[in-house]
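Observations on the three-dimensional arrangement
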Amino acid sequence: MHMDAMDSTRVFVKDVKRLIIKDRLSSLYNSTTNDFGTAVVTRSDGRLALGRLGALCEQIKELNSQGYQVIVVTSGAVGVGRQRLRYRRLLNSSFADLQKPQVELDGKACAAVGQNNLMALYDTLFSQLDVTSAQLLVTDNDFRDEAFRNQLTETVESLLALRVVPIFNENDAVSTRKAPYEDSSGIFWDNDSLAGLLSLQLKADLLVLLSDVDGLYSGPPSDPRSKLIHTYVEKSHHGQITFGDKSRVGRGGMTAKVNSAVYASQAGIPVVITSGYAVGSILKVLKGERTGTLFHRDAYKWVQVKEIGAREMAVAARESSRRLQAMSSQDRKKILLDIADALETNEEMIKIENDADIKAAQLDGYEKSLISRLALKPGKISSLANSIRVLANMEEPIGRVLKRTEVADGLVLEKMSCPLGVLLIVFESRPDALVQIASLAIRSGNGLLLKGGKEANRSNAILHKVITEAIPDSVGKKLIGLVTSREEIPDLLKLDDVIDLVIPRGSNKLVSQIKESTKIPVLGHADGICHVYVDKSANMDTAKHIVLDAKVDYPAACNAMETLLVHKDLAQTSGLNMLVTELRSEAIDTMRVTLYGGPRASALLKLPEAHSFHHEYNSMACTVEIVDDVHAAIDHIHRHGSAHTDSIIAEDLEVAELFLRQVDSAAVFHNASTRFCDGARFGLGAEVGISTSRIHARGPVGVEGLLTTRWILKGNGQVVNGDKGVSYTHKELTLQS
């Protein structure tokens, strides 16, 4: 994994060589110790969960092949043995025996039988994966002997040198404990603490404790109010965490795992508690992903207020938004005008920070299309400031009465516009988006949380500072929160009780990931695959100007043309060749438009064939294809487009009207460039993004898209009382009365 993709608190994994895995099943390691818990390797009926065990062994195989030294600490022998002995006792019992009270099986006997079965299963699974494993049974008394500890270390080192996976378990069959599940005295008292002890003895670089939940929660995992703790800080979290019951089959439970993790981490061994059920959970830990709960000796240095700040940030934004809504329309307008002035006053400072971002992006080798979106070109700040002023002078959007109905005599119902609440906007590259979004949020009375791409960190920080300093204290600067770390996003996406709408602006991958990660409504578009269809009736001069503008005006924009569809009759005249020639000859900074063809166009024009029609270039490139007629063009757009913006160039009004009616996109144009699909160009003042959703808002989303409605009922003492004596009129009233 590229270092930039790692969580900042997990960078240490790049140095992990030996790991120990502990949970209900053995995990994998690279000089890290893994512990498999009983619950992970067994099902609710007590039987082994072979699928989970197999998946765990496959991860260990992968780690082993990557050169990691993996040690496994397993448990579950007693449960496996009990299941086997119960079955054996059932076979050997008469009907009369079964009528008698059943005596509980001896735990040590269960352990002896179960350990043999468990290791046989490991051996079978690992043999299928061409991995050799070795069994090591220990008791706590063994560790009192220094000679034993030295010999144990020597044996494990020899096994690891041969790429053998050592599998440890406590030898419950000969343990001197009074009861394997009750006596917690001794050097170690369960397999979680055994894993912690071994991580120190064998000098592991990482200990992974597998659990039946995603990690350590602030309360019972089943409680929706509980929050996954990504990094455990003893000073902050000790004593504040409510633990649930112990494992249904094991001795430990989460308390035992936390005790083991604290013990090992304080001794310098990083520990991660993560799910043994999740696919590839151990591999994700070793890639540095923010999965599970990390215990680290230096955790207190990393974890700042942000660890507990996601909810507080959202709540603060909501409280500030309510104070904003309580202001007069004139006062809200003044805030926007002050922000516009502040942007122009600080333009030089903003330019310095933006130039620094651009230089860093160039040094990091970012694509030119991203750097183009990142740059605040000359005149951009003035343009943004003017857009804000236009927005400020628009009709007041909050508290507008949209409908008035007389429900009954003296009982009037009003439908009124109101803010959505708190918005979370995640955007990539474009710092100008921060200004547009912030001004729209203020105009619509919403609280706002912003997360920009790391490539625009300095630009976003200075713009956020300039904007929030223009917000009066009576509202509060926390009206607009700037999320500075990508690690905070997963927590924010869980706050469906305080965040009302998420709007992602960026790549298809970004939008898809956010949609899959939250219950909060998501508004936005994944792709901007915009088409221009040139009909046989088109004025070719008009067609040339529109096609060039749609592609070349700003190739990185989501409303730029990505596919040019041309009527087949134009292929028989000079029309198609003229369009292709014009596109090829057009250049920006010496870069010319690269053309790819669909099957028909590539054969006729000798163009390289496009690998897919559903492709957003975001650069000086586009696809050309020939279609039979307007119906074929519409069909092509529906099959390969993204329902963003599509345009027809035609003089035949009947054909144009057909296109406008039948193309199911957020914006459909006739004889106009797709680049017109923009909030400012539509007169919305600004846009928070372009939505291809069919619910709530579609196309460029301005102030209206950030509003919802509520009902205001005004009466003079009416009651329902079973609807007796109420004469409903449901008469529509004029808005002015």
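Up top you'll find the structure we're talking about.
Residues numbered from 1 in each chain as written. Predicted model: local features only at pLDDT ≥ 70, side-chain atom pairs only at ≥ 80, totals over all residues. Heavy atoms only, no water.

**Examining the sheet that holds strand E20 (residues 594–597)**
To keep it simple, the criterion reads: If DSSP finds at least two bridges between two strands, the strands pair. Helix and strand labels come from DSSP, where a helix needs a run of H or I of at least four residues and a strand needs a run of E of at least two; each type is numbered from the N terminus. Angular values range over 0 to 180 degrees, each being the angle between N-to-C directions of two axes fitted as lines to C-alpha atoms, with helices fitted over their stretch in contact. Between two residues, a contact is recorded if the distance between any of their heavy atoms is within 4.5 Å.
The strand order across the open sheet formed by six strands is E20-E21-E17-E16-E22-E23, and the pairing between neighbours is parallel. Edge strands, defined here as strands with exactly one partner in the open sheet, are E20 and strand E23 (667–670). Sheet twist, expressed as the mean angle between neighbouring strand axes with direction ignored, is 20°. Running over the sheet, helix H22 (residues 575–585) touches strand E16 (530–534), strand E17 (561–567), E20 and strand E21 (621–627) and is turned about 160° from E17. Its contacts with the sheet place helix H25 (residues 653–662) against E16, strand E22 (645–649) and E23, and it is angled at close to 175° to E23.

**Let's talk about the packing of aromatic side chains**
For the record, the criterion: Ring pairs shown here join Phe, Tyr and Trp side chains whose ring centres sit within 6.5 Å, with only the six-membered ring taken for Trp; geometry is labelled stacked below 30 degrees between planes, edge-to-face above 60, and tilted in between. The rule is simple: take the accessible area with a 1.4 Å probe, protein chains only, and divide by the maximum for that residue type; under 20% is buried, over 50% is exposed, in between is partly exposed.
The tally for this structure, following the rule as stated, stands at six aromatic pairs. Centre to centre, the rings of Tyr 232 and Phe 295 are 4.7 Å apart; their planes meet at 25°, and the pair counts as stacked. Of the two residues, Tyr 232 is situated in strand E7 (residues 231–232) and Phe 295 in strand E9 (residues 293–295); the sequence distance between them amounts to 63 residues. Each member of the pair Tyr 232 and Phe 295 is classed as buried.

**Digging into the pattern of salt bridges**
Two side chains bearing opposite charge may form a pair once their charged atoms approach each other closely. Basically, it comes down to this: Whenever a carboxyl oxygen of Asp or Glu lies within 4 Å of a side-chain nitrogen of Lys or Arg, that contact is scored as a salt bridge.
Taken as a whole and assessed by the stated rule, the structure comprises 26 salt bridges. Notably, a salt bridge pairs Arg 458 with Glu 353, separated by 3.0 Å at the nearest N-O pair. Taken together, the positions of Arg 458 in helix H18 (residues 457–469) and Glu 353 in helix H14 (residues 347–363) put the pair 105 residues apart, joining distant regions of the chain. Notably, a salt bridge pairs Lys 477 with Asp 473, separated by 3.4 Å at the nearest N-O pair. Relative accessible area serves as the criterion here: at 38%, Lys 477 is assigned to the partly exposed category. We classify Asp 473 as exposed; its relative accessible area is 68%.

Everything listed here is a matter of coordinates, which is why it stays silent on function.
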